[in-house]
Amino acid sequence: MPVPEIVSSNWDVVVALFTSGLTLSLLYYRLQYYRKQPASFDIDGVTDAEYHDFDRHTRYDFTVKLKNDGRDPVSITDAGVEINSESLDGNTHEVDGPANLPAHEFRHLRLDSNEYNTVELHAIGNPIDTTDPMKGTFWMDSSDGRVERDITFERAP
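Since this is a predicted model, take the numbers as computed values, not measurements.

Conventions adopted
Numbering of residues begins from 1 in every chain and follows the order in which that chain's sequence is written. Predicted model: local features are reported for residues with pLDDT of at least 70 only, side-chain atom pairs are reported and counted for 80 or more only, and whole-chain, interface and lining totals are derived from all residues. Computation of side-chain values: all heavy atoms of the structure, hydrogens and water removed. Every helix listed is a DSSP run of H or I at least four residues long, and every strand listed is a run of E at least two residues long, numbered separately from the N terminus. Each residue's exposure class comes from its accessible area (1.4 Å probe, protein chains only) as a fraction of the maximum for that residue type: buried when under 20%, exposed when over 50%, partly exposed otherwise. Positive charges come from Lys and Arg, negative ones from Asp and Glu, while His and the chain ends are left out of the count. Salt bridge criterion: a side-chain nitrogen from Lys or Arg within 4 Å of a carboxyl oxygen from Asp or Glu. The contact criterion used throughout is that any non-hydrogen atoms of two residues lie within 4.5 Å. Under this definition, polar contacts are N or O atom pairs within 3.5 Å; protein pairs additionally need one hydrogen-donor-capable and one acceptor-capable atom, and for neighbouring residues in sequence, both atoms have to be side-chain atoms. The aromatic pairing rule takes the rings of Phe, Tyr and Trp, using the six-membered ring of Trp, and pairs them if the centres are within 6.5 Å, calling planes under 30 degrees apart stacked, those over 60 edge-to-face and the rest tilted. A ring has a charge above it when a Lys NZ or an Arg CZ is no more than 6 Å from the ring centre and no more than 35 degrees off the ring normal. Working definition of a nonpolar core: buried Ala, Val, Leu, Ile, Met, Phe, Trp, Tyr and Cys residues. They are joined through side-chain atoms within 4.5 Å.

Draft legend 1. Molecular detail of the side chain of Glu-86. Following the sequence through the fold, Glu-86 ends up in strand β4 (residues 86-89). Within the buried set, Glu-86 has no salt-bridge partner at all; the shortest N-O distance to an opposite charge, 13 Å, is to Arg-155. The contacts of Glu-86, once residues within four sequence positions are left out, are Val-81, Gly-125 and Asn-126.

Dropping the structure here:
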């Protein structure tokens, strides 16, 4: 079957139009895929988890590695630790507290798209009567939902 004369004389234009159309359609589907990627918040690891036992309270210190693999940013609104059936607030900053007791607050955290961050946290609980490692569950509430991770606190030297 012979090729029409208009196609054979303008084959470079036909190839350019075909390639442009194919490129535009692939770009459209790639953008649709990119726009459908929601936030994906996760706790990548917990390190330096230790506790200090004082007469009136126990202080738990730990560092968390956070990651957001999604396109949308994630806002972290709250954090906490549950140890020996005691629910403790996780905090990011120390503030002035009542006499002889430390006070802390949690300041909202934000992770942008494809961002990793390391945050030092601490919690204050009731005094304990052991020197053994303490096991618990660490959790964070975010705009992507609640994420939990097991944690073991070693007694500080």
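Draft legend 2. Quick look at the side chain of Asp-61. Secondary-structure assignment places Asp-61 in strand β2 (residues 58-68). At 2.8 Å, the side chain of Asp-61 forms a polar contact with the side chain of Arg-59. Not counting residues up to four positions away in its chain, the partners in contact with Asp-61 are Asp-48, Ala-49, Glu-50, His-52, Leu-121, His-122 and Phe-153.

Draft legend 3. Spatial organisation of the packing of aromatic side chains. One pass over the full model with this rule turns up 5 aromatic pairs. Note on Tyr-51 and Tyr-60: the rings are 6.2 Å apart at their centroids and 45° apart in plane angle, and the pair reads as tilted. For the pair shown, Tyr-51 and Tyr-60 are each scored as buried. One aromatic cluster in this structure is built from Tyr-51, Tyr-60, Phe-62, Phe-138 and Phe-153. Taking the ring centre of Trp-139 as reference, the NZ or CZ of Arg-146 above it sits at 3.9 Å.

Draft legend 4. The arrangement of the environment of Thr-58 in detail. When you line up the elements, Thr-58 lands in strand β2. A relative accessible area of 0% places Thr-58 in the buried class. Spatially, the C-alpha atom of Thr-58 lies 22 Å from that of Glu-148, the residues being 90 residues apart in sequence. Filtering out sequence-adjacent residues up to four positions away, Thr-58 remains in contact with Tyr-51, His-52, Asp-53, Ala-123, Ile-124, Gly-125, Asn-126, Pro-127 and Ile-128.

Draft legend 5. Seen up close, the nonpolar core. In terms of nonpolar packing, the biggest core is built from 28 residues, with Tyr-60, Phe-62, Leu-66, Ile-76, Phe-138, Met-140 and Phe-153 touching the most fellow members. Of all the secondary structure elements, the ones that give two or more residues to this core are β1 (41-53), β2, β3 (74-83), β7 (109-111), β8 (115-125), β9 (134-142) and β10 (145-155). Leaving out residues up to four positions away in the same chain, Phe-138 has contacts with Ile-43, Val-46, Phe-62, Val-64, Ala-79, Gly-80, Val-81, Leu-121, Val-147, Glu-148, Arg-149 and Ile-151.

Draft legend 6. Fine view of unusual backbone geometry. Here Asp-48, not a glycine, exhibits a phi torsion of approximately 55°, which is positive. Here Asp-48 shows up in strand β1. Classification of Asp-48 by relative accessible area gives exposed; the value is 57%. The phi dihedral of Asn-84 is positive, around 50°, even though this residue is not glycine.

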